[in-house]
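Structural characterization, general
Each chain, written out:
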Amino acid sequence: MDGTPDAVPGAPAPPPAPPPESPLVSLTPAAEGLLRSLRRQHGPLMFHQSGGCCDGSAPMCYPAGEFRTGAADVRLAELVVPGVPEPIEFWISRSQWDLWRHTRLTVDVVPGRGSGFSLESPEGVRFLTRSHLVP
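Residues numbered from 1 in each chain as written. Predicted model: local features only at pLDDT ≥ 70, side-chain atom pairs only at ≥ 80, totals over all residues. Heavy atoms only, no water.

Focus: helix 1 (residues 29–42)
The end-to-end C-alpha distance of helix 1 is 20 Å, a good match for the 20 Å that 14 residues give at a rise of 1.5 Å each. Taken together, the buried positions of helix 1 are A31, L34, L35, S37 and L38. Along the axis of helix 1, the buried residues cluster in a sector spanning 165°; they form a single face. In helix 1, the exposed positions that point more than 90 degrees away from the buried face belong to P29 and R40. Positive phi appears at G43, one or two residues downstream of helix 1, with a value of about 85°. (Helix = DSSP H or I, 4+ residues; strand = E, 2+ residues; numbered from the N terminus. Expected span 1.5 Å × (residues − 1). Buried < 20%, exposed > 50% of the residue type's maximum accessible area, 1.4 Å probe, protein only. Arc of directions from axis to C-beta.)

Here we look at the packing of aromatic side chains
One pass over the structure, following the stated rule, counts 3 aromatic pairs. Measuring from ring centre to ring centre gives 5.0 Å for F47 and F127, while their planes differ by 85°; the resulting arrangement is edge-to-face. Taken together, the residues F47 in strand 2 (residues 45–49) and F127 in strand 7 (residues 125–133) connect sequence positions 80 residues apart. Note on F47: relative accessible area 0%, which makes it buried. Owing to a relative accessible area of 1%, F127 belongs among the buried residues under this scheme. By way of ring pairs, the aromatic residues F47, F90 and F127 are connected into one cluster. (Phe/Tyr/Trp six-rings, centres within 6.5 Å; stacked < 30°, edge-to-face > 60°.)

A short note on the confidence of the model for the protein chain
When the pLDDT values of the protein chain are averaged, the result is 85; 79% of them are 70 or greater. Helix 2 (residues 94–100) is the least confidently modelled element of the protein chain, averaging 91 in pLDDT, while helix 1 averages 97, the highest of any element. This stretch, residues 1–8, has a pLDDT under 50; its non-local contacts, to residues over four places away or in other chains, come to 0 contacts. (pLDDT = per-residue confidence, 0-100. Contact = heavy atoms within 4.5 Å.)

Concerning the sheet that holds strand 3 (residues 59–63)
Ordered by their spatial adjacency, 4 strands build an open sheet running 3-2-5-4, and the pairing between neighbours is mixed. Unpaired on one side and paired on the other, strand 3 and strand 4 (73–79) mark the two borders of the sheet. The sheet shows a mean angle of 25° between the axes of neighbouring strands, direction not considered. Summarising the sheet, strand 2 and strand 3 pair through 5 bridges and their orientation is antiparallel. Across the sheet, residue M46 finds its bridge partner in strand 3, namely Y62. On top of the sheet, helix 1 reaches strand 2, strand 3 and strand 5 (88–93); it is set at about 120° to strand 2, its chief contact. (Pairing = 2+ DSSP bridges. Axes fitted to C-alpha atoms, helices over the stretch in contact; angles between N-to-C directions.)

Concerning the sheet that holds strand 1 (residues 25–27)
Within the open sheet, the 3 strands sit side by side as 1-6-7. Their pairing is mixed. The two strands at the open ends of the sheet, each matched to only one other strand, are strand 1 and strand 7. Taken pair by pair, the neighbouring strands of this sheet meet at an average axis angle of 30°, ignoring direction. With 3 bridges joining them, strand 1 and strand 6 (residues 103–111) adopt parallel strand pairing. When the bridges of strand 6 are listed, V25 appears paired with L105. In the packing of helix 1 onto the sheet, the strands contacted are strand 1, strand 6 and strand 7, and the crossing angle to strand 6 comes to about 65°.

Structure follows, in structure tokens:
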């Protein structure tokens, strides 16, 4: 026995975990494309990783500065998206980051309706955070 959990028949294989030196937050090509479109419509953008409540653990996208951050928040990344002139800041609450600090986050896009507060909501898709444990 090698300690690897048995695969569930018919289930897709999970994506490989990124190495520990990988960036704390990355974007899929689909997320980059949606961010380019949202940037054209709304100007500079930012993310705040929701900690639960109404939208589960969804990354919420806002016009830059619209979501007020403070000492209770941590800026994890300044995401560089080709075609977007400025980095997109990615924030998370300090208490949530204390729980998630052993992960690397990947922002993706999936079909469905997101939060009414997040900019992608009218597009029929929503941002989704996929997390990967790192040693």
